[in-house]
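# Structure at a glance
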Amino acid sequence: MKFTVKQIATLLGGEVAGNDTLAITGLAKIEEGKPGDISFLSNLKYEPFLYTTQASAVIVDRSFQPKKPVLSSLIFVENSYSAFTQLLEEYYKQLSFAKAGVEQPSYVGEGCQIGDQIYRGAFSYIGQNCRIGRNVKIHPHAYVGNNVCIGDNTIIHPGARILDDCVIGKSCVIHPNAVIGSEGFGFAPQPDGTYKTIPQLGNVILEDFVNVGSNTTIDCATMGSTIIRKGAKLDNLIQIGHNVDIGENTVIAAQTGISGSTKLGQNCVIAGQVGFAGHLTIANGTKVGAQSGVGKNVYEEGTSLNSSPAFGLKESMRSLAIFRKLPALEQRLTNLEKKNAK
Amino acid sequence: MKFTVKQIATLLGGEVAGNDTLAITGLAKIEEGKPGDISFLSNLKYEPFLYTTQASAVIVDRSFQPKKPVLSSLIFVENSYSAFTQLLEEYYKQLSFAKAGVEQPSYVGEGCQIGDQIYRGAFSYIGQNCRIGRNVKIHPHAYVGNNVCIGDNTIIHPGARILDDCVIGKSCVIHPNAVIGSEGFGFAPQPDGTYKTIPQLGNVILEDFVNVGSNTTIDCATMGSTIIRKGAKLDNLIQIGHNVDIGENTVIAAQTGISGSTKLGQNCVIAGQVGFAGHLTIANGTKVGAQSGVGKNVYEEGTSLNSSPAFGLKESMRSLAIFRKLPALEQRLTNLEKKNAK
Amino acid sequence: MKFTVKQIATLLGGEVAGNDTLAITGLAKIEEGKPGDISFLSNLKYEPFLYTTQASAVIVDRSFQPKKPVLSSLIFVENSYSAFTQLLEEYYKQLSFAKAGVEQPSYVGEGCQIGDQIYRGAFSYIGQNCRIGRNVKIHPHAYVGNNVCIGDNTIIHPGARILDDCVIGKSCVIHPNAVIGSEGFGFAPQPDGTYKTIPQLGNVILEDFVNVGSNTTIDCATMGSTIIRKGAKLDNLIQIGHNVDIGENTVIAAQTGISGSTKLGQNCVIAGQVGFAGHLTIANGTKVGAQSGVGKNVYEEGTSLNSSPAFGLKESMRSLAIFRKLPALEQRLTNLEKKNAK
């Protein structure tokens, strides 16, 4: 990031008080601002920091009037908080798509179509017959197998693995060391106690705007597709089994596992370390508390579940409250028994 | 995959009705078949799809007689389901071992012996003094440290890490980004509150036909070996601590963790997100339910455990059923107390 | 490792009985010793192995007198156990730092300062403007982003990913496929049910002597830093959310997850598969049992917690004991009810 205070003020539609030629190279909280940083003041609880901050510039509300001298340049805008957020997003977007071109050595197989504004990092690998959209960023050590499609503006971070035949939508982000399309866990028990591998020949489809966290694993379908639908967000270290179907805009926190063939609805919110059994259907808008274990279908939209095995959130809170006082409850029972024994 | 209908019929010992020169390039469910696909009809519930499918060929039982015109070529066999499975397995085997040769750049250290029909993908790394069998497939970005042995027909997927001195058997599959032989977690507390690293100098031994899932980690032994025995199957994101010993044909589902020095018997079935404490001995044929926490030895073969901490499956189901109605149980107790207080 | 028995005796300040010119190339338990190995005898329960071991040399206490002929050379020292441990540590240190130099191909961006005694493995990647200390070991396939600082004597194992702007202290060990500094999981819900990415622009700071296990993920801060303080030890497959702060000498076992902005104190001991909710403050010296779920602040130092949701360890043990006999407890209640109904 390298802008002048004036350039940022223009971007935000604000007016500058102070030196508008200063170079801005970073963003910071007002209490941590250093020369070169821009910060903001919205909650007046933080006003004292305005008079001591080392930040080169601070974004403030148009209605704000300093009570003491300020060393930083000020940028006056309608809403300082949303202006700062706008700046963050612009900066983040620039950072995410800054890289372009090809670093060597890198590998591309035969028959690939690759769009413009591509970044292919050193030691990245793209197999045969892939179709890669425009403005795609394939970072160092990323692996893309054969016959893979990747939509425009998608970012594949270092060490992510996308196996043969997978389809990745537009504007997806695949974080480092995630594995998409590895073989599902399917083994048929044999009479002698050994297991025979069940061929896993399907793929994984990620629709647009999907986020896959670091070290998350999404298995390919046995046949057909494991599907993560539009706008779904998966955190780190999640396991998605073969033939799972995750609905649009469903959000799943870290270390959750979803067993094979389970179908989650849209706009579900799943906390961390949750487990789902296989072959379930979970209604739209279902919410599941951390460390819960879901073993049954959920038919009603907007259901809230908790505990392992999971049941209604409110009911589980009541049961858990009594669980903590079980020793006292047993004592009450013993007292009654004594009384009745007389 | 590229065969004619006739070639497939010959492979399966079947007879063709229809065009036997059509090219088959894929396998599909009958309801999803496209031109170029072969499918099968076994369960007659799916018969209506036979008359509408776009698949180029469909495998059917010899006893089957179509009730309407069929556009696809038909292959008549004794048992359509097992014939299709046979086809799947043949195709899967071909796919898995299709690659051969060496892509560049790739790295091999001094003193290695490498068998024929090897595949070494671009950016794969093999350290010094390794012995690699025949028909081994080392995919791009895979890492093999020094003094590693790998048996025939083993597949090391992209980004898998096999550290120094490990021994991998024949016909194993190591999935992407799995880590085998990294240092165990051993730290000795010091009087000043810091921790001193306990050297981890052992290795990991995988016997034949072992499967290690994506992003699974298997730590090397402190001294001696962490052992995964013949035919054991490990799913994704599993943690295996140092000096653990997993018995033959034991199957472990995703996100389970096994602490150091625990020994699992043969033919155990461990569900997902289970935890085992360290230094346990678990009898052959033990079954453990999802999210359970096993803290004690299991002496009796074929035991079924559940819950955290784990106890007998049946007993735990009864306790869990009452857990859900604890508020009602407390109310009953309160009612009795009131009655007795009179 | 390659020393003579005499060299080892000199290192340990011991005296040799037997051939002191034998070459020692490995360490082993006395019952598993092979020619070329050195072993030790401390607990006399193992004395019978002394007379049968194949080890070339055995370290024994000065006070020890063999009762039968011994084939191995003996090294007499004050304390055989601590001498052997000293040898282990020396060997381990040599192994860990044995590699030096640069393997090709490897990648270094512009503007980097790199200290001496570096090891850069084949296919390792270092971005722009990094400062790498002396005696740092960057193994094959490791990724170091832009503007990263790494202190002296730190080891980055194969496939570890250290993203832009992270700061890694001295004498840290980052195990294979760990991910440090990937984007935190932050999404703002929009009125139409979709989610907007919240820019994650902070970094991760690892202080000195930090251990990060294989496939563990540590997210960067939204702004500012996620911090893992001096001497903290993280096992495999752990998730650390954005803006988390882990205190000095805190030890965390495998598969535990810590949600965003939670602050753990010093010298905590966290078992495996534990979950922490976000925005918590946990006192110094807190101990948490395996599979627990911590949802509340912990104010008192040295607290022991257990269960999910977590409460006092002792209380939870009592409740869990009664949980197992809930069916009997309900039966007792039913009996009383019948008695009272008469």
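In this text the structure is predicted, and so the values were computed from the model without any measurement.

### Considering the overall build of chain A
- On a plain count of helices and strands, chain A comes out with five helices and 40 strands.
- Here the C-alpha atoms of chain A give a radius of gyration of 27 Å, more than 25% beyond the 20 Å that 2.2 N^0.38 yields for 342 residues.
- Here the C-alpha coordinates of chain A stretch approximately 85 × 80 × 30 Å along the principal axes.
- Out of the 342 residues belonging to chain A, those deemed buried represent 56%.
- Within chain A, counting contacts between residues at least 6 apart in sequence, those at least 24 apart form 18% of the total.
- Accessible surface computed for chain A: about 13800 Å², of which carbon and sulfur atoms make up 52%.
- Looking at charge distribution, chain A has the averaged site of its 31 positive side-chain charges lying 8 Å from that of its 29 negative ones.

### Examining the sheet that holds strand S15 (residues 143–144) of chain C
Residue and element names in this part refer to chain C.
- Reading across the sheet, the ten strands line up as S9-S12-S15-S18-S21-S26-S29-S32-S35-S38 and stay open at both edges, with parallel pairing between neighbours. The sheet is open, and its two borders are formed by strand S9 (107–108) and strand S38 (293–294), each paired with just one other strand.
- As paired strands, strand S35 (residues 275–276) and S38 are joined by two bridges and run parallel to one another. For Phe-276, the partnering residue across the bridge sits in S38 and is Val-294.

### Focus: the packing of aromatic side chains
- Evaluation of the coordinates by the stated rule reveals 27 aromatic pairs over all chains.
- Pairing B:Phe311 with C:Phe323 gives two aromatic rings, centres 6.1 Å apart and planes at 90°, and the pair type is edge-to-face. Note that B:Phe311 is positioned in strand S40 (residues 311–312) and C:Phe323 in helix H4 (residues 313–324), a pairing that runs across two chains.
- Taking the relative accessible area as the measure of exposure, B:Phe311 reaches 4% and is therefore buried.
- Since its relative accessible area comes to 8%, C:Phe323 is described here as buried.
- Put simply, the rings of A:Phe311, A:Phe323, B:Phe311, B:Phe323, C:Phe311 and C:Phe323 touch in pairs and so form one group of aromatic residues.

### Topic: the packing of helix H1 (residues 5–12) of chain C against helix H3 (residues 80–96) of chain C
All names here are of chain C.
- Contact geometry of H1 with H3 gives a least axis separation of 10 Å together with a crossing angle of 110°. In terms of their interaxial angle, H1 and H3 are classed as roughly perpendicular. Taken together, the residues of H3 that come into contact with H1 (itself represented by Ile-8, Leu-11 and Leu-12) are Ala-83, Gln-86, Leu-87 and Glu-90.
- For the contact of H1 with H3, the per-class residue count stands at five nonpolar, one polar and one charged.

### Remarks on the domain arrangement of chain A
- Domain boundaries assigned for chain A yield domain 1 (3–97) and domain 2 (101–317).
- Placing the centre of domain 1 of chain A and that of domain 2 of chain A at their C-alpha centroids yields a distance of 39 Å.

### Topic: the relation of the copies chain B and chain A
- Superposing chain B onto chain A takes a rotation of 120° plus a shift of 0.0 Å along the axis, which leaves an RMSD of 0.1 Å. Considering both components of the superposition, the chain copies are consistent with a three-fold axis.

### Overview of the confidence of the model for chain A
- Chain-level pLDDT for chain A is 96 on average; 100% of the residues reach the 70-or-more range.
- Two numbers describe this predicted complex: its pTM, 0.94, and its ipTM, 0.93.

### Some thoughts on the interface of chain B and chain C
- Opposite the 64 residues of chain B that make contact, chain C presents 58 residues.
- Between chain B and chain C lies a buried interface of about 4700 Å² when both sides are counted; carbon and sulfur atoms form 62% of it.
- Seen at the junction of chain B and chain C, the total is four salt bridges.
- The shortest N-O distance in the salt bridge between C:Glu89 and B:Lys196 comes to 3.6 Å.

### Some points on the sheet that holds strand S36 (residues 281–282) of chain C
All names here are of chain C.
- With respect to topology, nine strands assemble into an open sheet ordered S10-S13-S16-S19-S24-S27-S30-S33-S36, the strand pairing being parallel. Sheet topology places strand S10 (113–114) and S36 at the edges, where each strand pairs with a single neighbour.
- With two bridges joining them, strand S33 (residues 263–264) and S36 adopt parallel strand pairing. When the bridges of S36 are listed, Lys-263 appears paired with Thr-281.

### Let's talk about the UniProt feature "active site" (unreviewed entry) in chain A
Residue and element names in this part refer to chain A.
- This chain's UniProt record puts "active site" (unreviewed entry) on His-242.
- Take His-242: it is sitting in the loop between strand S29 (239–240) and strand S30 (245–246).
- Dropping the residues within four chain positions of it, His-242 is found in contact with Gly-184, Phe-185, Gly-186, Gln-200, Asp-219, Cys-220, Ala-221, Thr-222, Thr-226, Gly-260 and Ser-261.
- One polar contact links His-242 to Thr-222, side chain to side chain, over a distance of 3.3 Å.

### So, the pattern of salt bridges
- Under the defined criterion, the tally for this structure stands at 36 salt bridges over all chains.
- In this structure, B:Lys325 and C:Glu330 form a salt bridge, with 3.2 Å as the shortest nitrogen-oxygen distance. You can see B:Lys325 sitting in the loop between helix H4 (313–324) and helix H5 (326–341) and its partner C:Glu330 sitting in helix H5 (residues 326–341), one on each of two chains.
- By relative accessible area, C:Glu330 is classed as buried at 17%.
- Salt bridges sharing common partners tie together A:Glu207, A:Arg229, A:Asp245 and A:Lys263.

### A few points about the side chain of B:Asn177
- Note that B:Asn177 resides in the loop between strand S20 (173–174) and strand S21 (179–182).
- Judged by its relative accessible area of 0%, B:Asn177 is buried.
- Within the local environment of B:Asn177, its side chain forms a polar contact with the backbone oxygen of A:Gly159, the two atoms lying 3.4 Å apart.
- If near-sequence neighbours (up to four positions away) are discounted, B:Asn177 is found in contact with A:Gly159, A:Arg161, A:Asn177, A:Ala178, A:Val179, B:Pro158, B:Gly159, B:Ala160, B:Asn215, C:Asn177 and C:Asn215.

### Description of H5(C)
- Compared with the 22 Å implied by 1.5 Å per residue over 16 residues, the 22 Å span of H5(C) between its first and last C-alpha is a close match.
- Turning to H5(C), its buried residues number three or more, namely C:Leu326, C:Leu329, C:Glu330, C:Leu333, C:Leu336 and C:Asn340. Seen along its axis, H5(C) keeps its buried residues to an arc of 120°; they face one direction.
- Buried residues along H5(C) sit against helix H5 (326–341) of chain A, H4 and H5 of chain B together with H4 of chain C.

### Things to note about the pairing of strand S6 (residues 57–61) of chain B
Residue and element names in this part refer to chain B.
- Where burial is concerned, most of S6 is hidden: five out of the five residues are buried.
- Neither face of S6 is open: one carries Ala-57, Ile-59 and Asp-61, the other Val-58 and Val-60, and all of them are buried.
- Pairing of strand S5 (residues 37–41) with S6 involves four bridges; the strand directions are parallel. Each residue of the ladder has a partner; that of Ile-38, found in S6, is Ala-57.
- Pairing between S6 and strand S7 (residues 73–77): five bridges, direction parallel. Bridging from a neighbouring strand, Val-58 pairs with Leu-74 of S7.

So, how was this worked out
Residues numbered from 1 in each chain as written. Chains lettered and ligands numbered in written order. Predicted model: local features only at pLDDT ≥ 70, side-chain atom pairs only at ≥ 80, totals over all residues. Heavy atoms only, no water. Helix = DSSP H or I, 4+ residues; strand = E, 2+ residues; numbered from the N terminus. Rg over C-alpha atoms; globule rule 2.2 N^0.38 Å. Buried < 20%, exposed > 50% of the residue type's maximum accessible area, 1.4 Å probe, protein only. Contact = heavy atoms within 4.5 Å. Areas by Shrake-Rupley, 256 points an atom, 1.4 Å probe, with all protein chains shown as cover. Lys, Arg positive; Asp, Glu negative; His and termini not counted. Charge placed at Lys NZ, Arg CZ, Asp CG, Glu CD. Pairing = 2+ DSSP bridges. Phe/Tyr/Trp six-rings, centres within 6.5 Å; stacked < 30°, edge-to-face > 60°. Axes fitted to C-alpha atoms, helices over the stretch in contact; angles between N-to-C directions. Parallel < 35°, antiparallel > 145°, perpendicular 65-115°, else oblique. Nonpolar A, V, L, I, M, F, W, Y, C, P; charged D, E, K, R; others polar. Domains from an automatic or database assignment. Least-squares fit on C-alpha atoms with pLDDT ≥ 70 in both. pLDDT = per-residue confidence, 0-100. Buried area = accessible area lost by both parts, 1.4 Å probe. Salt bridge = Lys/Arg side-chain N within 4 Å of Asp/Glu carboxyl O. UniProt positions renumbered as here; feature names shortened; annotations may be inferred. Polar contact = N/O pair within 3.5 Å; in protein donor to acceptor, adjacent residues only side chain to side chain. Expected span 1.5 Å × (residues − 1). Arc of directions from axis to C-beta.

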